[in-house]
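# Descriptive structure summary
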Amino acid sequence: MIFVEKKRVLFFGLPFTFTTYKLTEEVITINSGLFKTVENDCYMYKVQDVTLSRTLLERMFGLGTITCQTSDVTHPTLTLVHIKNSHTIKDYLLSQTEAERRKRRTLNTLDIGVDAEDI
């Protein structure tokens, strides 16, 4: 499944910005800019947590903002701002990141602050 969404202006939810989000089974790609374009990629298996937030205005215009906490070096926090179908995309991200972790046989661990001296 592939999602292609554009960042939208909050007022009326119109896509008048130059940022495009593309989600494939393996990669999240963010293209932004008009004169100088920047393309940022993050593998799905690196996404650790997904959060959906919707303000009152976003709910009125059918939009949402998705924040992904990743283990990516260049962008530890990916934010997909003011996109349509945000709930569906969040559910897709959650299921696809887990599937990619299983496919690559990777494991996410948390640093809980235990030093070698404490053991």
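Use the structure listed above.
These figures come from a predicted structure and were not determined experimentally.

Cut-offs applied
Residues numbered from 1 in each chain as written. Predicted model: local features only at pLDDT ≥ 70, side-chain atom pairs only at ≥ 80, totals over all residues. Heavy atoms only, no water. Buried < 20%, exposed > 50% of the residue type's maximum accessible area, 1.4 Å probe, protein only. Helix = DSSP H or I, 4+ residues; strand = E, 2+ residues; numbered from the N terminus. Pairing = 2+ DSSP bridges. Axes fitted to C-alpha atoms, helices over the stretch in contact; angles between N-to-C directions. Contact = heavy atoms within 4.5 Å. Core = buried A, V, L, I, M, F, W, Y, C linked by side-chain atoms within 4.5 Å. Phe/Tyr/Trp six-rings, centres within 6.5 Å; stacked < 30°, edge-to-face > 60°. Lys NZ or Arg CZ within 6 Å of the ring centre and 35° of its normal. Salt bridge = Lys/Arg side-chain N within 4 Å of Asp/Glu carboxyl O.

### A look at the pairing of strand E2 (residues 19-23)
Burial of E2 is one-sided: the residues Thr 19, Tyr 21 and Leu 23 facing one way are buried, the residues Thr 20 and Lys 22 facing the other way are not. Pairing between strand E1 (residues 3-6) and E2: 4 bridges, direction antiparallel. Its bridge partner being in E2, Glu 5 is matched across the sheet by Tyr 21. Across 5 bridges, the pairing between E2 and strand E3 (residues 27-32) is antiparallel. By the bridge assignment, Leu 23 is partnered in E3 with Ile 28. As consecutive antiparallel partners, E2 and E3 are separated by 3 residues.

### Focus: the sheet that holds E3
Read across the open sheet, the 4 strands follow the order E1-E2-E3-E4; overall the sheet is antiparallel. Both edges of this open sheet fall to E1 and strand E4 (38-43), since each of them pairs with a single strand only. When the angles between neighbouring strand axes are averaged without regard to direction, this sheet yields 15 degrees. Where E3 meets E4, 6 bridges bridge the pair, whose relative direction is antiparallel. Paired with Ile 28 across the bridge in E4 is Cys 42. Strand contacts of helix H2 (residues 86-104): E1, E2, E3 and E4, with the helix running at about 135 degrees to E1, the strand carrying the most contacts.

### A word on the sheet that holds strand E7 (residues 77-84)
The 3 strands are arranged E5-E6-E7 in an open sheet whose pairing can be described as antiparallel. The strands lining the two open edges of the sheet, one partner per strand, are strand E5 (47-53) and E7. Pairwise comparison of adjacent strand axes, ignoring direction, gives a mean angle of 20 degrees for this sheet. As judged from the 6 bridges shared by strand E6 (residues 63-70) and E7, these two strands associate in the antiparallel manner. Across the sheet, residue Leu 63 finds its bridge partner in E7, namely Lys 84.

### A word on the nonpolar core
Core analysis: the largest hydrophobic core is formed by 17 residues, its most contacted members being Leu 23, Ile 28, Ile 66, Cys 68, Ile 89 and Leu 93. Secondary-structure elements contributing two or more residues to this core are E2, E3, E5, E6, E7 and H2. Sequence-distant contacts of Ile 28, that is, excluding residues within four places in its chain, are made with Lys 22, Leu 23, Asn 40, Asp 41, Cys 42, Met 44, Val 47, Leu 78 and Leu 93.

### What to know about the packing of aromatic side chains
Here the structure, examined in full by the defined rule, presents 2 aromatic pairs. When the ring of Phe 3 is compared with that of Tyr 92, the centres are 5.2 Å apart and the planes differ by 65 degrees; the resulting orientation is edge-to-face. Taken as a pair, Phe 3 in strand E1 and Tyr 92 in helix H2 lie far apart in primary sequence, 89 residues in all. No difference in accessibility class separates Phe 3 from Tyr 92, as the two residues are buried. The side chain of Arg 104 reaches across the aromatic face of Tyr 43, ending 5.2 Å from its centre.

### Points about the pattern of salt bridges
Throughout the structure, instances matching the rule amount to 7 salt bridges. Between Glu 5 and Arg 8 there is a salt bridge, and its shortest N-O distance comes to 3.9 Å. Side by side, Glu 5 and Arg 8 carry an identical accessibility label, which is buried. With a shortest N-O distance of 2.8 Å, Glu 98 and Arg 101 are connected by a salt bridge. You can see Glu 98 and its partner Arg 101 sitting in helix H2, 3 residues apart, about one turn around the helix. If you follow the salt bridges from partner to partner, you end up with Glu 26, Glu 100, Lys 103 and Arg 104 in one network.

In short, shape yes, function no, at least from these values alone.
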